[in-house]
Amino acid sequence: MEVIVGKQGNQRIPITDQYVSRKHCKLTSNGDGSYTIENLSQNGTFVNGRKILKTKVHADTEIQLGPNFTVKVSELLPITNSIASNKLSAPQKEYSIKPLEAIWNEYHDSLLDLQAKQHRLGLLIRIPMLFTVIGGVLTALISDDYRFVTLGISILAGIIMIYGFIKSKNFVFAKEKDRLDIEFQDKYICPNPECNHFLGNKPYKILSQDKCCGYCRCKYNSK
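This one's a predicted model, so the numbers in the text were calculated from it and none came from an experiment. (Residues numbered from 1 in each chain as written. Predicted model: local features only at pLDDT ≥ 70, side-chain atom pairs only at ≥ 80, totals over all residues. Heavy atoms only, no water.)

Notes on the sheet that holds strand β2 (residues 25–29)
Spelled out, the test is: A pair of strands is labelled paired if DSSP reports no fewer than 2 bridges between them. Numbered from the N terminus, helices here are DSSP runs of H or I no shorter than four residues, and strands are runs of E no shorter than two. Throughout, an axis means a line fitted to C-alpha atoms (over the contacting stretch in the case of helices), and angles, computed between N-to-C directions, take values from 0 to 180 degrees.
The 4 strands lie next to each other as β1-β2-β3-β6, forming an open sheet whose pairing is antiparallel. Two strands close off the open sheet at either side, each with one partner strand: β1 (2–5) and β6 (54–58). The sheet shows a mean angle of 25° between the axes of neighbouring strands, taken without regard to direction. Strand direction decides the pairing type here: strand β3 (residues 34–39) and β6, joined by 5 bridges, are antiparallel. Looking at β6, one finds that Y35 is bridged to V57.

Okay, structure coming up:
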């Protein structure tokens, strides 16, 4: 069994971290419950804080991909392999995942609002350029008696430019998105208190089609 881990890998959970490569590392089963991990990325793969090229790990080993993303090996393996590695039993307990619908909707709506805010800020920054062009055209067309009009346009463009600069300085898209991601990852978890694993960026509509948790194997109820 071989698992390619990355943004375009075939690991179990999706990975969106900007510093994780499309094909970041490779996990290969050794047939004895252990795995060999091999780095494939210039951003580095770390085990126990050390950058590695190739080493042996187990299902409960925590690895780091790039500077930020950490994950346990068991979270990357296909469900069948993860279950075998951790000797998990068949589903027994049942939990409702209905509360996760509101968490997903809030996260999704917040991302859309953040993207809309970034788009509006981009438009705001471009407005002074448009005013500059308009002012240049008017300067060429109107008489000296109405040059105050172009002066007013230039002043307005300057005000908008300063306002856009202040807003862009106070708004950092990446940091705000990281905050939303961290809050989401703390809430969008398996409802089994003995598990509480993050369920990935899987939309609730897709999650509700799952019959059980891929980690603890508890039953899901979406009612």
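A word on the side chain of E75
The condition is simple: For each residue, the accessible area found with a 1.4 Å probe, counting protein chains only, is set against the maximum for its type, and the residue is called buried under 20%, exposed over 50%, and partly exposed in between. The sign given to each residue is positive for Lys and Arg and negative for Asp and Glu; His and the chain ends receive no count. The salt bridge definition used is simple: a Lys or Arg side-chain nitrogen within 4 Å of an Asp or Glu carboxyl oxygen. The contact criterion used throughout is that any non-hydrogen atoms of two residues lie within 4.5 Å.
Structurally, E75 is set in the loop between β8 (69–72) and α1 (79–86). The side chain of E75 sits in the buried core without any salt bridge; K72 is the nearest counter-charge, 6.2 Å away. When sequence neighbours within four positions are dropped, the list of residues in contact with E75 reads R12, I13, H197 and Y215.

Concerning the sheet that holds strand β4 (residues 45–47)
Spatial strand order, β5-β4-β7-β8: 4 strands in an open sheet with antiparallel pairing. Edge positions in the sheet fall to β5 (50–52) and β8, since each of these pairs with one other strand and no more. Neighbour-to-neighbour, the strand axes of the sheet open up by a mean angle of 35°, direction not taken into account. Alignment of β4 against β5, held across 3 bridges, turns out to be antiparallel. Paired with F46 across the two strands is K51, which belongs to β5.

With respect to the layout of surface pockets
Selection criterion: Grid spacing is 1 Å over the protein atoms alone, the probe is 1.4 Å, and a cavity is where that probe fits but cannot get out, while a pocket is an open set with protein on both sides within 12 Å along at least five of seven lines and lining residues have an atom within 4 Å of a point. Grid points are joined across faces, edges and corners, and a volume is the space filled by probe spheres set on the points. Only Asp, Glu, Lys and Arg are considered charged in this grouping, and only Ala, Val, Leu, Ile, Met, Phe, Trp, Tyr, Cys and Pro are considered nonpolar; every other residue, Gly among them, is considered polar.
Approximately 860 Å³ is the volume found for the largest pocket. Breaking the lining of the largest pocket down by element, the ones donating at least two residues are β8 and α4 (173–187). In terms of residue count, the dominant contributor to the lining of the largest pocket is α4 (8 residues). For the lining of the largest pocket, the per-class residue count stands at 13 nonpolar, 9 polar and 7 charged.

Points about the nonpolar core
Using the following cut-off: We call a set of buried Ala, Val, Leu, Ile, Met, Phe, Trp, Tyr and Cys residues a nonpolar core when their side-chain atoms join them within 4.5 Å.
Residues L27 and Y188 are the most contacted members of the largest nonpolar core, which totals 39 residues. Elements that contribute at least two residues to this core include exactly β1, β2, β3, β7 (62–65), β8, α2 (99–141), α4 and α5 (204–207). The dominant element in this core, judged by the number of residues it contributes, is α2, at 6 residues. With residues up to four places along the chain from it excluded, the contact list for L27 reads M1, E2, V3, V5, Y35, T36, I37, V57, V73, L76 and L77.

As for the pattern of salt bridges
Counting across every chain of the model gives 9 salt bridges. K98 is the partner of E101 in a salt bridge, and the nearest nitrogen-oxygen pair spans 2.6 Å. Residue class for E101 comes out partly exposed when judged on its relative accessible area of 27%. The partner of R179 in a salt bridge is E176, and the shortest N-O contact between them spans 2.6 Å. Of the two residues, R179 and E176 are both situated in helix α4; the distance of 3 residues between them amounts to about one turn of the helix. The structure contains a network of salt bridges with shared partners spanning E2, K26 and E38.

Describing the packing of aromatic side chains
For the record, the criterion: The aromatic pairing rule takes the rings of Phe, Tyr and Trp, using the six-membered ring of Trp, and pairs them if the centres are within 6.5 Å, calling planes under 30 degrees apart stacked, those over 60 edge-to-face and the rest tilted.
Scanning the entire structure with this criterion turns up 6 aromatic pairs. Ring geometry for W104 versus Y107: centroids 6.0 Å apart, planes at 55°, classification tilted. Here W104 pairs with Y107, and both are found in helix α2, just 3 residues apart, close to one helical turn. Note on W104: relative accessible area 14%, which makes it buried. On the basis of relative accessible area, Y107 is assigned to the buried category, the value being 8%. An aromatic cluster of at least three residues, connected via ring pairs, comprises W104, Y107, F184, Y188 and F198.

Any functional reading would require information beyond the geometric quantities listed.
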